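# Tertiary structure, described
Residue strings, one per chain:
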Amino acid sequence: MPSSFQLVELDAIAGAPVGGKAEGLARLRAMGLRVPDAVAVVGLAAKVTSDASAADEWTRCARALLERFGSGRLAVRSSAIGEDGAEASFAGQYETVLDVEGEAALVAAIGTCLRSADDARARAYREAQDEAAGAGDAVMSLVVQRMVDARASGVCFTVCPVTHRRNRLVIDAVAGLGEALVSGTASPDHEEFLRREATFEASQTAGDQPVLAADERRAIAEEAIGAEEAAGTPLDLEWSIDRAGTLWWLQARPITTLGVDPQALDTPLRFATDVHTRCNVGEMMPGAVSPLTYSTCARGIDEGWQRIKDDLRMPRSHYPAEPYVAMSHGHLFINMSEGVRFASGVSGGTADQQSLALCGRIVPEIVEPPPAPLRQRIPRLLRQIAAMLRPGPRIRRMEALVRKGPIPSGANALASWRAIDARMPDLFEAYKLHLVVSSTAGALSPILLQILAGRDEPTDEHHAIVASVLAGATDVESADIAVGAERVLEAIVDAPGAAATFAAASLDAARAWLSGPDSGAAGLRYRAYLERHGHRSLRELDIRQPEWRADPTPILRSLQSQVRGRLDGDRRRESVSEPAERPPGAARFDRFQFLAHAAVRNRERTKSLLVATTALLKRAYRDLAVQLVEEERLPDVDAIYFLLHEEIEVVAASAPGHPLRDEAVGRREALAYQETLRFPEVVVGHPQPQPIDLSGQDEKLVVGKPVGRGRVEGRVRVVKTLEEAESLKPGEILVAPITDVGWTPYFAVIGGLVTDVGSAVVAREYGLPAVLNTGNATEILRTGERVVLDGSRGTIERLDR
């Protein structure tokens, strides 16, 4: 009986129905990579019958294969049409049989692989891929390979299949054959290779010794990247290293499930040694940001930075436009090295001064450039000092920008975008003016710390002295956010019969009551509060975050929570507290304190005006989003925040269905992953996320930066989102990842504040004992445990340990 099957060599498969695995191996061989001797088998029926002809066919095929390979162990793999393709990989859906030796075993292996074409698992997968029509008729070929006598085996993904980061190549390795890895019976060593940096991150080793030597893992990474470049798509590859140390490639398939790269909008680095920090910018913009926030807030800082350099007449030929704010994985960072380059061209300021200003400590990793010649620096320095000493005109200029009022919507989305774009220079100007005015207050801390510490690293006592000097300023606008909310609270509590009704009301009902005439003094105070502070919010420079005037939900929740506490008999800050003592050494700066307080007031005023300018854009983008949805250019109004400002114009000017529509949805999905990431405070080069450090969870003492005066004993309340803050009880010590002015309505009720990172301005002015920049207090401290928070020493003592 003539045979219907055919053995096809890998270099002769062009046009033959050999299936995805065979095609992948042929491509690997054509790339010059080492592939074990292999052949494709075509023409065998995918459906199995019980008649003798099928068995005879498989037997003849087995004998032909044994004649082709001779003695030795073989691997038999499925290779279906459509398998390992760009649309669907079918990874793990069909069978592979290893260590096949002898005719009977080879016949059985052929049958196992052919039967897998029509088993329930593979059928369900095909149906899920919208191939239900004829789903039982997969065209199955086989690949038969000579087995590698493997010392180590594993898989390699040329991009991270979990986080979708294109800059990360992933290697999983086990000793011996890779079947233990595929079946899940062995835990692999895990390696991640940063492609841009050409370095491996710290590996995770499953056993006592790593499976791969350094040169072996690098060879896997380099050859895999070469294969990806040749294929033109990210790849999922299987490999083995034999006893002689030779690397063999066993399989290659496209990765078919990739989402948006969470690093797609990362800022390219001009200098690999630049030092970046989350300090300061992480307080202003905690967590990951949307692309639209990146292209407004981050660009605003960079544009303002460049305008300052232009005003100081720093030629772009020598001081090119460099990003002062960089983004990695959706998180913003300040390029400290760029700041030092600026200082060296103006004041001749040192890297230590820059790092003290931003981080409160010396950062030795910064490479300090030589200062510009004195004849160039003196005119620039005089211009800078003149600008810093005249905040009034700049504040008035910012007030004028805010008085321009709302940005009008156009007749269509494109016209509205153009109206926003025309107002964008106002935002950049506001950032510049704020940077100039706030630089006076920003310079105070490092100057005072250097006076106190000299050439040494500042101590906790030095930080406490500086905090004391800066504290106590009156008429600080941000401090009134908490005080004003407390005035509203007192009016609600004092209104006859209103407190219980307000506490139990829905948010809509509570808002309607405070906005209406029946609320009396409480309503008047509430409306006055929104008139003054309605442009503020949590993450207030985040374009995606609505201002309180548009959505007062956080204010209402805070008020209801505190009213319920009052009704339950709670009182503000009933924790055991001790008044703050002024640190020794603070009195020497008394004569300069009024200057410090003026600088703080001016900084907070311009910050408020910058937020007000941003709020005008927030409103305009919300209106534009509605138009884009009505014109069927975006799926929902939230999608606008996942486009860059310039990309919105493309969408508005194009026909519905532009690819950026789906890109926006994918970026939103990526943001959920980006929000989980944490970064070192300071990093050299491109920032990479770090795992959460839980090493201190059994420690009795948590240490951070002392910024608030006083000492308080109370119970901890760990709160990771503003929504969770509703559970705060009077006198509890709030422990949060970070706080900004959006949290301040709760400052009227808490006894103290602890953050992983964060700003001290509001806590200091409100008189809260506070310890910030603990690094990981939210992971160490537990809700309900009793602690002593010392805001002067920067410590949290755990009494239950």
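Residues numbered from 1 in each chain as written. Predicted model: local features only at pLDDT ≥ 70, side-chain atom pairs only at ≥ 80, totals over all residues. Heavy atoms only, no water.

## Remarks on the nonpolar core
Formed by 73 residues in total, the largest nonpolar core has its most connected members in L332, L541, Y621, L624, L628, I640 and I648. Sorting elements by how many residues they give to this core places helix α13 (residues 413-453) first, with 11 residues. Among residues more than four places away in sequence, those in contact with Y621 are L292, T296, I420, M424, I543, I640, H645 and I648. (Core = buried A, V, L, I, M, F, W, Y, C linked by side-chain atoms within 4.5 Å. Buried < 20%, exposed > 50% of the residue type's maximum accessible area, 1.4 Å probe, protein only. Helix = DSSP H or I, 4+ residues; strand = E, 2+ residues; numbered from the N terminus. Contact = heavy atoms within 4.5 Å.)

## Considering the pairing of strand β2 (residues 38-42)
Of all 5 residues making up β2, 5 are buried, and the element is well covered by its neighbours. Burial along β2 is two-sided: A38, A40 and V42 and V39 and V41, pointing in opposite directions, are all buried. Here strand β1 (residues 6-9) pairs with β2 via 4 bridges, running antiparallel. From the neighbouring strand, Q6 faces β2, where its bridge partner is V42. (Pairing = 2+ DSSP bridges.)

## So, the sheet that holds strand β16 (residues 682-684)
Strand pairing within a sheet occurs via backbone hydrogen bonds; the two strands may be parallel or antiparallel. Taken in spatial order, the 4 strands of this open sheet run β13-β14-β12-β16, and their pairing is antiparallel. On the outer flanks of this sheet lie β13 (325-328) and β16, each paired with one strand and no other. On average, adjacent strands in this sheet sit at an angle of 40° to one another, irrespective of strand direction. Here 3 bridges tie strand β12 (residues 275-277) to β16, and the two strands are oriented antiparallel to one another. Counterpart to H276 in the pairing with β16 is V683. (Axes fitted to C-alpha atoms, helices over the stretch in contact; angles between N-to-C directions.)

## Details of unusual backbone geometry
A positive phi angle, near 55°, is found at A198, a position not held by glycine. Looking at where A198 falls in the secondary structure, it is placed in the loop between β8 (189-194) and β9 (199-200). Taking the relative accessible area as the measure of exposure, A198 reaches 36% and is therefore partly exposed. The phi angle at H329 is positive, at roughly 55°, despite the residue not being glycine. Examined against the element boundaries, H329 turns out to sit in the loop between β13 and β14 (331-335). Assessed through its relative accessible area of 0%, H329 is described here as buried.

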